[in-house]
Amino acid sequence: MDIKSGIRPKQILFLWAGILTCSAFLSAMNTKSEDIYFTSAKTCMDTLIAHGTDTYGTLKTPVFASILDVNSLECPENPLPLDEAWRVVRRERRNPAGANLLSDQPLIKSMYLMSQFSGEPAYSQAAQRYIDYYLNNLVDAKGLIWWGWHRHYDVYKDIMTGHEANWHEIHANIQIQWDILWQINPKAVEKEIESIWQWHVIDKNTGEINRHDDKQHGCDFTLTAGGIIEAFAFLHAKTNDSVWLQRARLIADYYWNLRNPETNLIPERPNAGQDRFDGSAFVTNTTGPYCHSLLRAYLLTKDSVFKDQAIAYLNAYAKYGYDETTGKFRGALHLDGTPIAGPRVDSGYGEYEPRGDMDLWEPYVLGYQYPLETAQCYALAHQITQDPAMLVTAKHFADWIEKTPITTIETSHTWYQEYSRQYGIQGTYAGKYGRAISFFISMYALTGNPEYRQLARDFADEAIGKLYVNGLFKGHPAKPYYETVDGVGILLYALIQLDQTLKDPPQAVNLDNW
């Protein structure tokens, strides 16, 4: 790294704006500069508790609305489309006029952390009220929670609604706070996980899964498999019933047995076949969300199979995915290790394939690019295993992120190029700021290098300068909305972490800051 000061290349114009914004915030809050991270996160949560719950339909409930206008502090019944063509693709994934406990898992985690460090129970209590109502009232006939990317609760109509068959669906890019949910309603959690086995694991012999709960052969993405593995590992840890460990291993082995034995690379969606690129391509869904779930399963069960598989995949991507000549990472690989070169295609499903170099700041909330999550996973893997190779690759990611301003357009030949030109030049999503902050906090904790701590502060200052408005964090600088799908909860967690890291002496922080 080349960090002579706290200023990163091409960021000078923003930093002046950020300094002015932060100064105004500090003046209004009568807050010392070193407390801005904690205070802004706390104020955002205070605003959510005061204005963010469901007061709209006939039923008034303690669930948090997924979208709030930062000016009116109200949930819009018909939110502006804005960036949804690139961010979520399908409008319903934003939970318009609604609430979604899955989308709010990072917020739940952050509220518990805030109560821990502030000593004020109001935050965890608000989260508990939300969870308690949801698990008692918003569950389907199968025992599956009414959450995910196809379903949400409409706070105006007081109904459980959704789109495209209202499927139940979980993905590993959102870590479910199973332990918190278990404390509040263990029966609902146990039923949810039992129903996942029944409805999502469609081949009980091979471990093939479907992200949809229809018992049919379908989308066996690692992105969903990771979430299922972690759920089963959690239930094993709580019940000590070996059947859940066996089921978690069954699914993990389904992908492991389909790897290229020479490279240890696996396809993202094995049963897609050759008609779709993800049936024969390795992407960072595996090195990010999926490997994180494997490492979590190892921590929950102490079964080294999960850890060993995760490290094998991470080593494979470090070997074949890193381009030493550019210092960047490739978006997709053939299973023999050869990179899938650009340019990207601009029509059909293939447009989602990240050919060439990966884009650090792609807007899509799902998709096939998880660079920041992958960086976090290498840091976590090193913490768990002390494997020096994991830290080497984490440092490569740190260098790449440090040299790539958020406004960078990695390639104009993408299906989201209009986002890059209109929205991306103004900044990125709250969750991406949050993940960058948490990653650099992890790197500082692992190495003791103060330059990583300064990078965490730089990203945090930028996030506050561009997103903090009227006591809330917007989901994106170009939007007038707080949006949970944009990862505000991830940012809140990171800001609390950063505050604790900067304490003298620093407080211990959890590096598993997913």
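From a predicted model like this one, the values you see are computed outputs, not experimental measurements.

Draft legend 1. Molecular detail of the overall build of the chain. Each helix and strand in the chain was counted, giving 17 helices and 13 strands. Taking 24 Å as the expected radius of gyration for a compact globule of 514 residues, we find that the chain reaches 21 Å, a close match to that expectation. Counting only C-alpha atoms and orienting by the principal axes, one finds that the chain spans roughly 60 × 60 × 45 Å. In the chain, which comprises 514 residues, the share counted as buried stands at 63%. A sequence separation of at least 24 residues applies to 67% of the contacts in the chain between residues at least 6 apart. Here the chain has roughly 18,400 Å² of accessible surface; of this, 49% comes from carbon and sulfur atoms.

Draft legend 2. Layout of unusual backbone geometry. The omega torsion of the bond from G342 to P343 falls at 5 degrees, within 30 degrees of zero and hence cis. Within the secondary structure, P343 is located in the loop between β10 (332-334) and α12 (371-385). With an omega of 0 degrees, the peptide bond between D504 and P505 qualifies as cis. By secondary structure assignment, the location of P505 is in the segment after α17 (488-502). Despite not being glycine, V89 shows a phi value in the positive range, around 70 degrees.

Draft legend 3. Quick look at the pattern of salt bridges. In the structure shown here, the tally under the stated rule is 24 salt bridges. Between K479 and D83 there is a salt bridge, with the nearest N and O atoms lying 3.2 Å from each other. A residue pair is termed long-range when its members are at least 10 positions apart, and K479 in the loop between β12 (472-473) and β13 (481-483) and D83 in the loop between β3 (67-69) and α3 (84-87) qualify at 396 residues. Looking at K479, the relative accessible area reads 2%, which means it is buried.

Draft legend 4. How the structure looks around the sheet that holds strand β4 (residues 98-99). Spatial ordering of the open sheet is given by β4-β5-β6, a layout of 3 strands whose pairing is antiparallel. Each of the sheet's edge strands pairs with one partner strand only, and the pair in question is β4 and β6 (159-162). Where β4 and strand β5 (residues 151-154) come together, 2 bridges link them in antiparallel fashion. The residue of β5 that forms the bridge with G98 is D154.

Draft legend 5. Spatial organisation of helix α8 (residues 222-239). Relative to the 26 Å expected for 18 residues at 1.5 Å per residue, α8 spans 25 Å between its end C-alpha atoms, a close match to the ideal helical length. Among the 18 residues of α8, 15 are classified as buried, and the element is accordingly described as predominantly covered. One or two residues past the end of α8 sits N240, with phi positive at roughly 60 degrees.

Draft legend 6. Region of interest: the state of the cysteines. Evaluated as defined, the whole model comprises 0 disulfides. Its sulfur unpaired, C377 is 5.2 Å from the next cysteine sulfur, which belongs to C291.

Draft legend 7. Up close: the environment of Q386. Here Q386 lies in the loop between α12 and α13 (388-402). In sequence terms Q386 and K307 are 79 residues apart; their C-alpha atoms lie 12 Å from each other.

Draft legend 8. Molecular detail of the packing of helix α7 (residues 186-200) against helix α9 (residues 242-256). Following both chains from N to C, one finds α7 and α9 inclined at 45 degrees, their axes separated by 12 Å at the closest point. Here α9 runs oblique to α7, going by the angle between their axes. Here α7 and α9 pass one another in a crossing that is left-handed. On α9, the residues touching I193, E194 and W197 of α7 are W244, R247 and L250. Considering only residue class, the contact of α7 with α9 consists of 4 nonpolar, no polar and 2 charged.

About the criteria used
- What you see as residue numbers is a count from 1 along each chain, following the sequence as written.
- Local features in this predicted model are restricted to residues of pLDDT 70 or higher, and side-chain atom pairs are both shown and tallied only at a pLDDT of 80 or more, whereas totals for entire chains, interfaces and linings draw on every residue.
- Only hydrogens and water are removed before side-chain values are computed, so all heavy atoms of the structure are retained for them.
- Each helix is a run of H or I in the DSSP string that is no shorter than four residues. Each strand is a run of E no shorter than two, and both are numbered from the N terminus.
- The atom set for the radius of gyration is the C-alpha atoms, and the globule formula is 2.2 Å times the number of residues raised to the power 0.38.
- Only protein chains enter the accessibility calculation, which uses a 1.4 Å probe; a residue whose area is less than 20% of its type maximum is buried, one above 50% is exposed, and one in between is partly exposed.
- Note on contacts: a residue pair is in contact if any heavy atoms of the two residues lie within 4.5 Å.
- The method behind every accessible area is Shrake-Rupley, applied with a 1.4 Å probe, and residues are considered shielded solely by the protein chains displayed.
- Whenever a carboxyl oxygen of Asp or Glu lies within 4 Å of a side-chain nitrogen of Lys or Arg, that contact is scored as a salt bridge.
- A pair of strands counts as paired when DSSP detects no fewer than two bridges linking them.
- To estimate how far a helix should reach, multiply one less than its number of residues by 1.5 Å.
- Put simply, a disulfide is two cysteine sulfurs that come within 2.5 Å.
- Structural elements are reduced to axes, namely lines fitted to C-alpha atoms, with helices fitted over the stretch in contact, and the angle between N-to-C directions of any two is expressed from 0 to 180 degrees.
- Here roughly perpendicular refers to angles of 65 to 115 degrees, roughly parallel to angles under 35, roughly antiparallel to angles over 145, and oblique to all remaining angles.
- It is the rotation of the near helix from the far one that decides the hand of a crossing: anticlockwise by less than a right angle makes it left-handed, clockwise makes it right-handed.
- Charged means Asp, Glu, Lys or Arg here, nonpolar means Ala, Val, Leu, Ile, Met, Phe, Trp, Tyr, Cys or Pro, and polar covers whatever is left, Gly included.

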